[in-house]
Amino acid sequence: MDGLLANLTERQREAVCCTEGPLLVVAGPGSGKTRVITTRVAYLISGGTAPSNILCLTFTNKAADEMRERVEASAGTRGAWLSTFHSMCSRLLRMDLDLEGYSRNFTIYDRSDQLSCLRNVLKSLNIDQGEAGLTRLPGRISAIKNGSANPVSGDEKNRDFSRIFAAYEKALQAANALDFDDLLVVFLKMLKSRPEILEKYRDRFRYVLVDEYQDTNRLQYEIVMQISEKHRNICVTGDPDQSIYSWRGADIRNILDFRKSFPEARVVLLEQNFRSTAGILKAAGNLIARNRKREEKSLIPVLGEGLAPRVVSAFDPEDEALRIAEAVSSLSSGGAPLSETAVFYRTNAQSRAIEQALLDRGIPYVIVGSVEFFQRREIKDLSAYLKIAVNPKDDVSFLRICNVPARGMGDKALDMVKGAADSSGASMFEAAVRIASDQNAPPRIRKALGELSGAVASLADFRGGVGGAVGRLVEALRYAEYLGKAFAEDAEDRVANVTELISACHEWDEKHPGGTLADFLEEVSLLSDVDKWDRKDAVSLMTLHSSKGLEFDTVVIAGMEEGLLPHFGIDGASDSDRIEEERRLCFVGMTRAKRNLIVTWAKNRRTARGDIDFGEPSRFLRESGLAPLLAEVSESRMTPYPSPGRAGPGTEEGDEDLEFRDSLAGEAEDEPFKTGDYVKHLSLGPGRVVATKGFGCSAKVVVNFPRLGLKTFAVGLAPLIRVNPDE
DNA sequence: CAATGGGGTATTTTT
DNA sequence: TACCCCATTG
């Protein structure tokens, strides 16, 4: 047991060893929080607690998996329950759910299933999509379900919304489907309506741990309270300064008020930072100190001063991307592993330019999130077949695949199915199966529905596990053939995706002997973006939100501009609560960096619609003390390299804005490149100009390199110089 | 019944 | 600007 506690600080040891009663661990970034949690679990086990009496809730499946590994390694046993709230609720519901028409083979609807469902609902209510604000509905519905908004009624618009909400709920129940929030809502309902089940879990979970407690919402709070009420051995860890999910219903009061909920709670503060060098922590600390709604807490560096954070100014997003790629490439050639390098941004849309620049340089990268594998059309189509096989009431999935591949199911046929379903109280798929064997039904429709139900039925043959079943489904549907016909352009990619799906299924089968289709779907639908990410030998690109809990040697934060970070949302509002959350988000990003922090901003950034320029460097640069490093970007001309900034006076209130403007200007202009010029590129070596395009700011040159072939560069941005032919 | 084109509209973060 | 939906046409 002493071995477990070796190498822990006094405070960390306290957090590990106070196992009885409520405990709040306020843990700053890099303070060894994960280590504390896993050691605590191992410590409990080594003290004689049965692993099955321990419940540890984390924010992502990835975190849960990593913690499980570490616990098993140090405790030498398995069986402690480590999972996310959503996975836990889902798994427990599959054991006991029997409530208001829901049954245990329920389907989990993700965001896009939810949208499809809402589309159907609007159609049946005869409400226009635009009118109803379709894309904003899931958020509003979620806010009500997770307890961060009140169900409103009253004016006309809200009356519509109430109708939509009610119809949506009804549709979900009819489809035996739960959305993400329902997993928690229905679980809580089950606990409240079935005391014997509640009692079972209260008995079972003698020790409850909750990580990232600052990002729990009202529902999660209630679940925790319900489950831990009996033994009151509840340990929550978190950091109010890293609360970044209020828009998803996270209630920062859960952590701020922990002491009110549990007056007897012990509090341990972990402030030492073992991750980042002092220069980085200084910037991050300056920044977060600006938040008013905050409990005083410091970042105490353990490592040395290290490199100062760097600010890079760019002309536009392409320029910014280019400079990021340059920085990454020079670090990499200096021996830094790409797997220890990450680029963070506020919005997913920003990844495009960065991807392109990395692609141009041949720098490998992986993106967390964006258009994820399971969101691709062909994958969603095949998944819909699996979902129907598990839960025949799933109308959303039925509508998705009833005519994929095309089998002549038009509006007329669909109306017939819908009519039959409505009049018999069955789901659409159930009705379809009936019509398929109905002698009186039109032959064409019978044939189509026969094919459909046959394909679904083929999944019941489970030889070769999920992989075998999906393989046979693809065969039965002649799906590859369909893709070839329907998608002339990118059919090959799509077929490759299908192949990849099948091999992923086989892989899953190997890891889960005896696993069922339902198990597979369950796991797949609860996977988050980060869960699917693997640290490869490549630069990682992700949103600031996704970066929570990770760390890298080098971190680049792109788009440090007013409006983007802090982001002024769709309504442009920028009240202080929102700004404070944006500040925390930036703080989270900065504190992921171990040794090297680079922040970049672009002078010109077009919005999707008009062409409004943001153009102001983020206030966060000033607040973190990095403003003096800003180099002004000239309007007419981009500088080849960011110039070192002049050291400015401190950041007193006043005319800081002027401060930005009169920083260094661009360098002197070069002669334009001409076709035939011999040039040398900083990292790519010598080459020859074969073409030029545009002029002024948008001038580009195409350079032919002996080994690499043609590359296009923006003049003045690329580290490109003219050389003599004989050099 | 499918494909194509035009027009209109939405723009943050995600378990 | 880019995507998505719908209507029209083949």
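Further up the page is the structure itself.
Below is a short write-up of the structure. (Residues numbered from 1 in each chain as written. Chains lettered and ligands numbered in written order. Predicted model: local features only at pLDDT ≥ 70, side-chain atom pairs only at ≥ 80, totals over all residues. Heavy atoms only, no water.)

1. A short note on a nonpolar patch on the surface
Residues Phe274, Val302 and Leu303 make up a contiguous nonpolar surface patch of about 230 Å² in total accessible area. Counting through the fold element by element, Leu303 comes out in the loop between strand S10 (300-301) and strand S11 (310-314). (Patch = residues over 30% accessible without salt bridge, like charges linked within 9 Å, V, L, I, M, F, W, Y side chains within 5 Å. Areas by Shrake-Rupley, 256 points an atom, 1.4 Å probe, with all protein chains shown as cover. Salt bridge = Lys/Arg side-chain N within 4 Å of Asp/Glu carboxyl O. Helix = DSSP H or I, 4+ residues; strand = E, 2+ residues; numbered from the N terminus.)

2. Some thoughts on helix H17 (residues 351-361)
Regarding H17, the residues found buried are Ser351, Ala353, Ile354, Ala357, Leu358 and Arg361. Viewed end-on, H17 has its buried residues packed into an arc of 165°, placing them on one side of the element. (Buried < 20%, exposed > 50% of the residue type's maximum accessible area, 1.4 Å probe, protein only. Arc of directions from axis to C-beta.)

3. A few points about the sheet that holds strand S16 (residues 593-602)
An order of S11-S16-S15-S12-S14-S13 is seen for the six strands of this open sheet, with the pairing classed as parallel. Both edges of this open sheet fall to S11 and strand S13 (365-367), since each of them pairs with a single strand only. Going across the sheet, the axis of each strand differs from the next one's by a mean of 20°, ignoring polarity. The pairing of strand S12 (residues 341-345) with strand S14 (residues 539-543) spans four bridges and is parallel. When the sheet's bridge partners are listed, Val343 is paired in S14 with Leu541. (Pairing = 2+ DSSP bridges. Axes fitted to C-alpha atoms, helices over the stretch in contact; angles between N-to-C directions.)

4. Observations regarding unusual backbone geometry
The omega torsion of the bond from Leu565 to Pro566 falls at 10°, within 30 degrees of zero and hence cis. By the secondary structure assignment, Pro566 is in the loop between strand S15 (552-557) and helix H27 (576-590). The backbone of Glu212 shows a phi angle near 50°, a positive value even though the residue is not glycine. Among the structural elements, Glu212 can be located in the loop between strand S6 (207-210) and helix H12 (218-228). With a phi angle near 45°, Arg478 is a residue other than glycine that sits in the positive phi range. Assignment of secondary structure puts Arg478 in the loop between helix H23 (465-477) and helix H24 (479-486). When its relative accessible area of 54% is taken as the criterion, Arg478 is described as exposed.

5. A short note on the sheet that holds strand S3 (residues 81-84)
On the basis of which strands lie adjacent, the open sheet formed by six strands has the order S3-S2-S6-S7-S1-S8 and parallel pairing. Where the open sheet ends on each side, the last strands, each with one partner, are S3 and strand S8 (266-270). Averaged over all adjacent pairs, the angle separating strand axes in this sheet is 15°, with direction ignored. Pairing between strand S2 (residues 54-58) and S6: four bridges, direction parallel. Within S6, the residue paired with Leu55 across the bridge is Val208.

6. Comments concerning the packing of aromatic side chains
Summed over all chains, the structure comprises ten aromatic pairs. Ring geometry for Phe161 and Phe165: centres 6.1 Å apart, planes at 55°, overall tilted. Residue Phe161 and its partner Phe165 are both found in helix H9 (residues 156-174); the two are separated by four residues, about one turn of the helix. The interplanar angle of 45° and the centroid separation of 5.0 Å between the aromatic rings of Phe258 and Phe262 together place this pair among those described as tilted. Using a relative accessible area of 4% as the deciding quantity, one classes Phe262 as buried. Put simply, the rings of Trp81, Phe187, Tyr201 and Phe205 touch in pairs and so form one group of aromatic residues. Geometry around Tyr221 places Arg218 over its ring, the cationic atom sitting 4.6 Å from the centre. Above the plane of the ring of Phe59 lies Lys548, whose end atom (NZ or CZ) is 3.9 Å from the centre. (Phe/Tyr/Trp six-rings, centres within 6.5 Å; stacked < 30°, edge-to-face > 60°. Lys NZ or Arg CZ within 6 Å of the ring centre and 35° of its normal.)

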